[in-house]
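Below are the chains, spelled out letter by letter.
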Amino acid sequence: MPTTAPLIVFDGVCVLCAGFVQWVIARDPGRRFRFTSAQGPLGQALYRDLGLDPVRFETNLLVVDGVAYGKLATIIEVAWRLGGIWRLAALLNGLPAPLGDWAYDRIAQNRYALFGRRDACWLPAPDMADRVI
């Protein structure tokens, strides 16, 4: 896998966040994306470098060629890069950023109550382990 592959940083104990990663994996037969948990060393370093809380993980991140996307922009950019029908997610760019981020924040702040929390970080199936840092 190229080192320039898009990297998704996610809350590894969040059922919703790990579900998003599994959703991407299922729709990425070209294996373009890599993944790392926010709880791991790389995720922690990225959160700190971006001035984000390295404990609360209020956003998934997508890092592509040194550019970091957060909140709703992560979802839109990942969907765009998956191609096909998923590019329709770009329509969400029509939302004013404050409104989209507000909606994202409401879900992120309540994600454990709404979707659950694991006791340990999600681990990929053995055939996907090479995509997780």
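Everything here concerns the structure above.
To keep things clear, this report deals only with the structure shown in the data block.

Calculation criteria
- Residues numbered from 1 in each chain as written.
- Predicted model: local features only at pLDDT ≥ 70, side-chain atom pairs only at ≥ 80, totals over all residues.
- Heavy atoms only, no water.
- Core = buried A, V, L, I, M, F, W, Y, C linked by side-chain atoms within 4.5 Å.
- Buried < 20%, exposed > 50% of the residue type's maximum accessible area, 1.4 Å probe, protein only.
- Helix = DSSP H or I, 4+ residues; strand = E, 2+ residues; numbered from the N terminus.
- Patch = residues over 30% accessible without salt bridge, like charges linked within 9 Å, V, L, I, M, F, W, Y side chains within 5 Å.
- Areas by Shrake-Rupley, 256 points an atom, 1.4 Å probe, with all protein chains shown as cover.
- Salt bridge = Lys/Arg side-chain N within 4 Å of Asp/Glu carboxyl O.
- 1 Å grid on protein atoms, 1.4 Å probe; cavity = no way out; pocket = protein on both sides within 12 Å on 5 of 7 lines; lining within 4 Å.
- Points joined across faces, edges and corners; volume = space filled by probe spheres on them.
- Polar contact = N/O pair within 3.5 Å; in protein donor to acceptor, adjacent residues only side chain to side chain.
- Contact = heavy atoms within 4.5 Å.
- Phe/Tyr/Trp six-rings, centres within 6.5 Å; stacked < 30°, edge-to-face > 60°.

### Remarks on the nonpolar core
Then step 1. Ile8, Phe10, Val21, Val24, Phe33, Phe35 and Val78 are the most contacted members of the largest nonpolar core, which has 17 residues in total.
Then step 2. Listed by contribution, the elements that provide at least two residues to this core are strand 1 (7-10), helix 1 (15-26), strand 3 (61-64) and helix 3 (72-82).
Then step 3. Considering every element that reaches this core, the biggest residue donor is helix 1, with 6 residues.

### Side note on a nonpolar patch on the surface
Then step 1. There is a patch of nonpolar side chains on the surface, built from Val15, Leu16, Ile107, Leu114 and Phe115 and spanning about 420 Å² of accessible area.
Then step 2. For Phe115, the location among the structural elements is in helix 5 (residues 111-115).
Then step 3. Relative accessible area serves as the criterion here: at 41%, Phe115 is assigned to the partly exposed category.

### Details of the layout of surface pockets
Then step 1. Computed from the structure, the largest pocket encloses a volume of approximately 290 Å³.
Then step 2. Broken down by secondary-structure element, the contributors of at least two residues to the lining of the largest pocket are helix 1, helix 3 and helix 4 (97-109).
Then step 3. In terms of residues, the lining of the largest pocket owes the most to one element, helix 4, which gives 5 residues.

### Focus: the pattern of salt bridges
Then step 1. Tallied over the entire structure, the rule returns 7 salt bridges.
Then step 2. With a closest N to O distance of 3.3 Å, Arg56 and Glu58 form a salt bridge.
Then step 3. Linked by salt bridges that have partners in common, Asp11, Arg56, Glu58 and Arg111 make up one network.

### Here's the deal with the side chain of Thr36
Then step 1. One can find Thr36 in strand 2 (residues 34-37).
Then step 2. A polar side-chain atom of Thr36 sits 2.8 Å from the main-chain carbonyl oxygen of Ile133.
Then step 3. Those residues in contact with Thr36 that lie beyond four places of it in its chain are Leu7, Ile8, Val9, Phe10, Leu42, Gly43 and Ile133.

### Quick look at the packing of aromatic side chains
For any pair of aromatic rings, the description rests on two quantities: the centre-to-centre distance and the angle between the ring planes.
Then step 1. This structure, assessed with the given rule, holds 3 aromatic pairs.
Then step 2. Taking 6.3 Å as the distance between ring centres and 15° as the angle between the ring planes, the aromatic pair formed by Phe20 and Trp23 counts as stacked. Of this pair, Phe20 and Trp23 both sit in helix 1, 3 residues apart, which is roughly one turn of that helix.
Then step 3. Look at Tyr47 and Phe57: their rings are 5.4 Å apart centre to centre, the planes differ by 85°, and that puts the pair in the edge-to-face class. One end of the pair, Tyr47, is in helix 2 (residues 41-49); the other, Phe57, is in the loop between helix 2 and strand 3, and 10 residues separate them in sequence. As far as the burial class goes, Tyr47 and Phe57 line up, both buried.

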